[in-house]
Amino acid sequence: LSDLGQIKGDLNQKLLYILKVVDNAEKSGMLEELDYTDFRLGNAYWELGQFDKSMEYHKQSAAISHQKGELIHVGIARRMTVALIKQGKVREALLVLHDIVGKKLFCSIEDKMYIAQSLGSCYNTLKQYRLAEKYYLESVE
């Protein structure tokens, strides 16, 4: 039903149904499954422009994934980067990205593209245009 809300362009309906899924998972004791539901909830808040809440749930999702020994989804890092840039926290966004790069938490070509695009966005915001261009070109390659 949350996907139907998305398709219809009703992001509040999408959010409502994801909140119900999170509530059901918590009440059922399925806490290990909250990494995915928190990821979806973070995405819903991100799409509504509520970046503080988005960050909160994306961080929770990443923490649960880390506890389970799973790789952090690069989509979380990309959305967190956009949210942090919009909040004026570019240096924090760079720390997140460099942590992922340093730990080699990505594996696909798409992951590498998203990380490079995110780094380009950070450096562009900091008006470090040569570095931004380097990463934008890397994302295209």
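Quick summary incoming for the structure in this document. Since the structure is predicted, the reported quantities are computational estimates derived from the model, not experimental observations. (Residues numbered from 1 in each chain as written. Predicted model: local features only at pLDDT ≥ 70, side-chain atom pairs only at ≥ 80, totals over all residues. Heavy atoms only, no water.)

Looking now at the environment of Val96. Mapped onto the fold, Val96 is located in helix α6 (residues 90–103). On the basis of relative accessible area, Val96 is assigned to the partly exposed category, the value being 21%. Distance in space between the C-alpha atoms of Val96 and Leu84 is 9.9 Å, their sequence separation being 12 residues. With sequence-adjacent residues up to four places away left out, Val96 is seen in contact with Met80 and Leu84. (Helix = DSSP H or I, 4+ residues; strand = E, 2+ residues; numbered from the N terminus. Buried < 20%, exposed > 50% of the residue type's maximum accessible area, 1.4 Å probe, protein only. Contact = heavy atoms within 4.5 Å.)

The grouping of Leu1, Leu4 and Ile7 at the surface amounts to a nonpolar patch, some 350 Å² of accessible area in total. Relative to the assigned elements, Ile7 resides in helix α1 (residues 2–8). With a relative accessible area of 70%, Ile7 lands in the exposed category. (Patch = residues over 30% accessible without salt bridge, like charges linked within 9 Å, V, L, I, M, F, W, Y side chains within 5 Å. Areas by Shrake-Rupley, 256 points an atom, 1.4 Å probe, with all protein chains shown as cover. Salt bridge = Lys/Arg side-chain N within 4 Å of Asp/Glu carboxyl O.)

With that settled, consider the pattern of salt bridges. Tallying each qualifying case throughout the model produces four salt bridges. Residue Lys27 pairs with Asp23 through a salt bridge whose shortest N-O separation is 3.1 Å. Taken as a pair, Lys27 and Asp23 lie in helix α2 (residues 11–27) at a separation of four residues, close to a single helical turn. Residue Glu92 is joined to Lys59 by a salt bridge in which the shortest nitrogen-to-oxygen separation is 3.7 Å. Taken together, the residues Glu92 in helix α6 and Lys59 in helix α4 (residues 51–67) connect sequence positions 33 residues apart. Overall, the relative accessible area of 31% leaves Glu92 in the partly exposed class. Several salt bridges share partner residues, and in doing so they unite Lys14, Glu47 and Arg79 into one network.

A few words now on the environment of Gln117. Position of Gln117 relative to the elements: it lies in helix α7 (residues 109–125). Note on Gln117: relative accessible area 28%, which makes it partly exposed. When the C-alpha atoms of Gln117 and Phe39 are compared, they prove to be 20 Å apart, with 78 residues separating the residues in sequence. With residues near it in sequence (within four places) discarded, Gln117 still touches Tyr136 and Ser139.

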